[in-house]
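Take a look at the letters that make up each chain.
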Amino acid sequence: MCGLCCSAPLLDQVPASLIPCLDSKVTMEAGGLPLELWRMILAYLHLPDLGRCSLVCRAWYELILSLDSTRWRQLCLGCTECRHPNWPNQPDVEPESWREAFKQHYLASKTWTKNALDLESSVCFSLFRRRRERRTLSVGPGHEFDSLGSALAMASLYDRIVLFPGVYEEQGEIILKVPVEIIGHGKLGEVALLASIDQHCSTTRLCNLVFMPAWFSPFMFKTTSGHVQFDNCNFENGHIQVHGPGTCQVKFCTFKNTHVFLHNVPLCVLENCEFVGSENNSVTVEGHPSADKNWAYKYLVGLIKSSPSILPTEDSDSLMSLDLESRDQAWSPRTCDIVIEGSQSPTSPASTSPKPGSKAGSQEAEVGSDGERVAQTPDSSDGGLSPSGEDEDEDQLTYRLSYQVQGPRPVLGGSFLGPPLPGASIQLPSCLVLNSLQQELQKDKEAMALASSVQGCLIRKCLFRDGKGGVFVCSYGRAKMEGNVFRNLTYAVRCIHNSKCNQIHHGLRSGIVVLGNGKGIIRNNQIFSNKEAGIYILYHGNPVVSGNHIFKGRAAGIAVNENGKGLITENVIRENQWGGVDIRRGGVPVLRSNLICFGYSDGVVVGDEGKGLIEGNTIYANKGCGVWMMSSSLPHVTSNHVSYNGLYGVAVFSQKDGSGELPGGHGAQENFSEDGDAVLWETELEKDEDPLRRPVTTALVESNSINHNGASGLYVQSSEALHVLTNVIHANGDRGITVAQSSQLTRVANNSISCNRQSGVKVEAQCKVELRGNGIYDNRGHGIITKGDSSIVIENDIIGNRGSGLQLLPRSDTKVIKNRIHSFRAYGIAVRGRAKALVQENIIFQGKTSKTIFQQISNNRECVLQNNKFLVFKKKSDTWRLVNPPARPHLESSLRGPSAAHSGQKGTAMATRITARVEGGYHSNRSVFCTIL
């Protein structure tokens, strides 16, 4: 043993038959050699000797296993037929076991014959048969054969053909009639084969070769029935075609500008491959998987099911710092007491306490020519301001008016999104964190069934980069993608014409296109840094898009155009340059329970003829608007939390800029002509109408919480009808609701409009608006300002606003009926100029004694007052309550969660530059541009 210690290479001279006889009790006891030294010695053994040593006993077995990062690593990386186990996506990451990785590589050279027919036998005697031995045929200068064709002419079943370094150009098509193994000798790249091979046999393996097309055909390899296995090969500038019932297994190969066609294949496995520089698609999966299956199908199924599940690797840039659970307290409806001429209300900030001897009205706000009020008082913690605690004369009487203000609703499991803090660490709520593959499958029985049913093409741990297209699934084709990386592509995955892109798990930097009745599940991916939309859904594509993180794209996060469909749910869509979600031209998605945040433009854009259900989403801290709706669109926007966006919470516009100029120099239209003309798809459109979706004939903004946005909570400038129902519009940076243009009726009913920085509602000239059943409280300007034409204000509670409760401006024509109105410091109703009005059956509470309840010019005979009730205080501590009915709005069951409807989408790349004036000088009088390609 001492000699072995002194010269480790002498182990090569030890007979292999003696190695198993070494006694572990002698060699590994305390007085023997250290384990580290044994590992150094055994590092010189070859593979057969390592196997023999591992059979000695358990101690030797464990010792051999401990060589994983040394000898087993050397054997794995030193094999010319192998590449790094995590190539090409993570070649710097060590595998869990180098020994296991080398084992898989080693067995790959044998498995291509597994379950095949027995080797041909020859008769030696009449009673005995002998298996024919595999031969090795050498091809190259100075060897047995000078060309591949000549070697194949002499090859028998399962022979090995070894091509030595050189370039082999075949002048005619090569027909493989018998199963063979073709191996390149030396390093990858030293053997180049310019040939067109057509496989007519049951199985073939090709390894360590560089394939290039022959001069007469772009097809480098094709088969229609057999099984082919490619290991560690390079393919350049050509095509590969496999047609069902043929199958294939491709591992550790590079495809440079090479297209892989898979037609009706029952099963194909592409793993650890690199696809570079495609001029069209890298992989096309076409047609329903063939019912006929060759001998290799069961082998491939077993190989897939026995492989370990793909687990996600956390991307350091995939999560921002947004602590959704710890910002402020949850909000709930509150009851405020307005106290005039009394002690300071406990709800008002201490900074607003009056100083002794101060003059009444010293903090009164400035009022512009149109009656708008600019608040002078510091903000309170919720963005609103309680009007109590103002300077008043000591000798005035006191009364109380009790009413209810509906605050922002709880979101994301009861947490409230507070003001975004730069640089704060983010922790997404559990419902929005990417799951592992197993967690995702356990959530969904249908997904579990799809994952367990292996059909079509499995693409696993591959890299698609620097080209036009990645994977194209069409005509009922089926594909399953796991752990792939798609980088610097025009698109990554397209799924059209009734095809099923069954599962796409944990892909990175994916741009996915689903069109032409394409279906499937896009689940739990990281999709980022794409030049175009992260996910396109066009031409009646109808996928389920769930649980993805879509971020830092140069265009929209998700684009749904041209009658696209789909269910888009529980995704995190953030930091995209254009709209987080862009819906246009007949797109009809269901957009539900997503977090759409920190975008550089608008959160959700609903363009011309856009439709769909936008429900239960959190639309937060986008630099543009929360939701931007354009003319001729009929979305249903319901139960969303829209907060802290830079401009409007929800904006409805009809003005459009026809300029073809696009931000960022993008073209106006993406070209999808290679997939077929859209008209061809129109002839095969699905006729399925969703029975769960309630019909929408008018755009709806319903049951949303719209709060703390930079401009108005809701801005309307449209020539089409709009219904605004049961929303909470709170603490926005401008007005609660601004109606700047409304030639058709805008119906605003049962909303809570409170604590906004200017007026609660403003209606511009020639607008038709119905305000019914709203609670308009504590706004810093007037409750309602109207110049509207044929407008009606009916059954509202207009209470506690800093300006007048209701201002009727010149040339307005308004009916004011059955409202309860109170102004803290000004008039209940003020009529400016020659306004036409019918003021009937209202209850108007008195404010300060220095102001009257009602103000109008004396000679205005077009203002008619009928059956109004004026309440003035008579003694100290008079208390008035809003009862019979109680304080509005009466929301009842409108605070509901997301419905059970689902939807779909369609759209091609149409670019529209949207601009519109924004009041208050926001963003240089224009909205953020919203463009989709």
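Residues numbered from 1 in each chain as written. Predicted model: local features only at pLDDT ≥ 70, side-chain atom pairs only at ≥ 80, totals over all residues. Heavy atoms only, no water.

Enquirer: Help me understand the overall build of the chain in this model?
Expert: When helices and strands are counted, the chain shows twelve helices and 76 strands. Each of the 933 residues in the chain was classed as buried or not, and the buried ones make up 58%. In the chain, of all internal contacts separated by at least 6 residues, the share reaching a separation of at least 24 is 58%. When the accessible area of the chain is evaluated, it comes to approximately 37500 Å², of which 51% is carbon and sulfur surface. (Helix = DSSP H or I, 4+ residues; strand = E, 2+ residues; numbered from the N terminus. Buried < 20%, exposed > 50% of the residue type's maximum accessible area, 1.4 Å probe, protein only. Contact = heavy atoms within 4.5 Å. Areas by Shrake-Rupley, 256 points an atom, 1.4 Å probe, with all protein chains shown as cover.)

Enquirer: What is the right way to read helix α7 (residues 98–111) from this model?
Expert: Note: α-helices contain 3.6 residues per turn, so residues at a spacing of three or four share the same orientation. Helix length check: α7, at 14 residues, gives a terminal C-alpha distance of 20 Å against a target of 20 Å (1.5 Å per residue), a fit within 8%. Looking only at α7, the buried set comprises Trp98, Ala101, Phe102, His105, Ala108, Ser109 and Thr111. (Expected span 1.5 Å × (residues − 1).)

Enquirer: Please explain the environment of Gly518 as it appears in this structure.
Expert: On the secondary structure map, Gly518 appears in the loop between β33 (512–514) and β34 (519–523). Assessed through its relative accessible area of 0%, Gly518 is described here as buried.

Enquirer: For this particular structure, what's the right way to read the pattern of salt bridges?
Expert: Pairs can form between side chains of opposite charge whenever their charged atoms are close. Scanning all chains against the criterion turns up 23 salt bridges. Glu181 is paired through a salt bridge with Arg134; the nearest N and O atoms lie 2.7 Å apart. Taken together, the positions of Glu181 in strand β7 (residues 180–184) and Arg134 in the loop between β2 (129–131) and β3 (136–139) put the pair 47 residues apart, joining distant regions of the chain. Here Arg135 and Asp159 are joined by a salt bridge, their closest N and O atoms 3.3 Å apart. One end of the pair, Arg135, is in the loop between β2 and β3; the other, Asp159, is in strand β4 (residues 159–163), and 24 residues separate them in sequence. Under the relative-accessibility criterion, Arg135 is labelled partly exposed at 37%. What emerges from the salt-bridge pattern is a single network uniting Arg134, Arg160, Glu181, Arg205 and Asp231. (Salt bridge = Lys/Arg side-chain N within 4 Å of Asp/Glu carboxyl O.)

Enquirer: I'm lost on the sheet that holds strand β14 (residues 234–236) in this one. Help?
Expert: In a beta sheet, neighbouring strands are held together by backbone hydrogen bonds and run either parallel or antiparallel to one another. On the basis of which strands lie adjacent, the open sheet formed by eight strands has the order β5-β8-β11-β14-β17-β20-β27-β30 and parallel pairing. Two strands close off the open sheet at either side, each with one partner strand: β5 (166–169) and β30 (485–489). Here the strands of the sheet are splayed against their neighbours by 10° on average, with no regard to which way each runs. Two elements, β5 and strand β8 (residues 191–194), share four bridges in a ladder whose sense is parallel. By the bridge assignment for β8, Val167 is matched with Ala192. (Pairing = 2+ DSSP bridges. Axes fitted to C-alpha atoms, helices over the stretch in contact; angles between N-to-C directions.)

Enquirer: Looking at this structure, I do not really get the packing of aromatic side chains. What am I missing?
Expert: Two descriptors summarise a pair of aromatic rings, namely the distance from one centre to the other and the angle between the planes of the rings. Applying the stated criterion to the full structure yields 20 aromatic pairs. Each ring, one from Tyr648 and one from Phe653, has its centre 6.1 Å from the other, and the planes form 50°; the classification is tilted. Each member of the pair, Tyr648 together with Phe653, is buried. An aromatic cluster is built from Phe211, Phe221, Phe230, Phe235, Phe255, Phe275, Phe464 and Phe486, whose rings are joined through pairwise contacts. A cation over a ring is seen here: Arg83 above Trp87, with NZ or CZ 4.2 Å from the ring centre. Positioned above the aromatic ring of Phe219 is the side chain of Lys222, whose terminal nitrogen or guanidinium carbon lies 5.6 Å from the ring centre. (Phe/Tyr/Trp six-rings, centres within 6.5 Å; stacked < 30°, edge-to-face > 60°. Lys NZ or Arg CZ within 6 Å of the ring centre and 35° of its normal.)

Enquirer: Looking at this structure, how should I read helix α5 (residues 58–65)?
Expert: Those residues of α5 lying buried are Trp60, Leu63 and Ile64. Across the axial projection of α5, the buried residues extend over an arc of 95°, all falling on one side. (Arc of directions from axis to C-beta.)

Enquirer: Where do I start with the confidence of the model for the chain in this structure?
Expert: Caution applies to low-pLDDT regions: their predicted coordinates should not be interpreted in detail. For the chain, the mean per-residue pLDDT works out to 75, and 68% of the residues sit at or above 70. In the predicted structure, residues 118–130 sits below a pLDDT of 50 and forms twelve contacts with residues beyond four places in sequence or in another chain. (pLDDT = per-residue confidence, 0-100.)

Enquirer: Can you walk me through the pairing of strand β12 (residues 219–223) in this structure?
Expert: On any regular strand, side chains alternate: one points to one face of the sheet, the next to the other face. The sheet contact formed by strand β9 (residues 197–199) and β12 spans three bridges and is parallel. Paired with Gln199 across the two strands is Thr223, which belongs to β12. Bridging between β12 and strand β15 (residues 239–243) involves four bridges; their strand directions are parallel. Across the sheet, residue Phe221 finds its bridge partner in β15, namely Ile240.

Enquirer: For this particular structure, what's the right way to read the pairing of strand β16 (residues 247–251)?
Expert: Along β16, five of the five residues are buried, which leaves the element largely enclosed by surrounding structure. Alignment of strand β13 (residues 227–231) against β16, held across five bridges, turns out to be parallel. Along β16, the bridge assignment pairs His227 with Thr247. Strand direction decides the pairing type here: β16 and strand β19 (residues 267–271), joined by four bridges, are parallel.

Enquirer: Any chance you could explain the environment of Ala887 here in plain terms?
Expert: Within the secondary structure layout, Ala887 lies in the segment after β76 (878–881). We classify Ala887 as buried; its relative accessible area is 13%. Separated by 91 residues in the primary sequence, Ala887 and Asn796 have C-alpha atoms spaced 9.2 Å apart.

Enquirer: Could you clarify how one ought to interpret the packing of helix α3 (residues 35–42) against α5 in this entry?
Expert: The packing of two helices is summarised by the inter-axis angle and the distance between the axes. In the contact formed by α3 and α5, the axes pass within 10 Å of each other and the chain directions differ by 70°. On the basis of the axis angle, α3 is roughly perpendicular to α5. On α5, the residues touching Leu35, Trp38, Arg39 and Leu42 of α3 are Trp60, Leu63 and Ile64. Its residues placed into classes, the contact of α3 with α5 shows six nonpolar, no polar and one charged. (Parallel < 35°, antiparallel > 145°, perpendicular 65-115°, else oblique. Nonpolar A, V, L, I, M, F, W, Y, C, P; charged D, E, K, R; others polar.)

Enquirer: Any chance you could explain unusual backbone geometry here in plain terms?
Expert: Negative phi values dominate among residues other than glycine, just as trans dominates among peptide bonds. Residue Trp87 is joined to Pro88 through a cis peptide bond whose omega torsion reads 5°. Here Pro88 lies in the loop between α6 (71–78) and α7. The omega torsion across Gly244 and Pro245 is 5°, close enough to zero to call that bond cis. Its place among the elements puts Pro245 in the loop between β15 and β16. Within the chain, Glu570 stands out as a residue other than glycine whose phi angle is a positive 55°.

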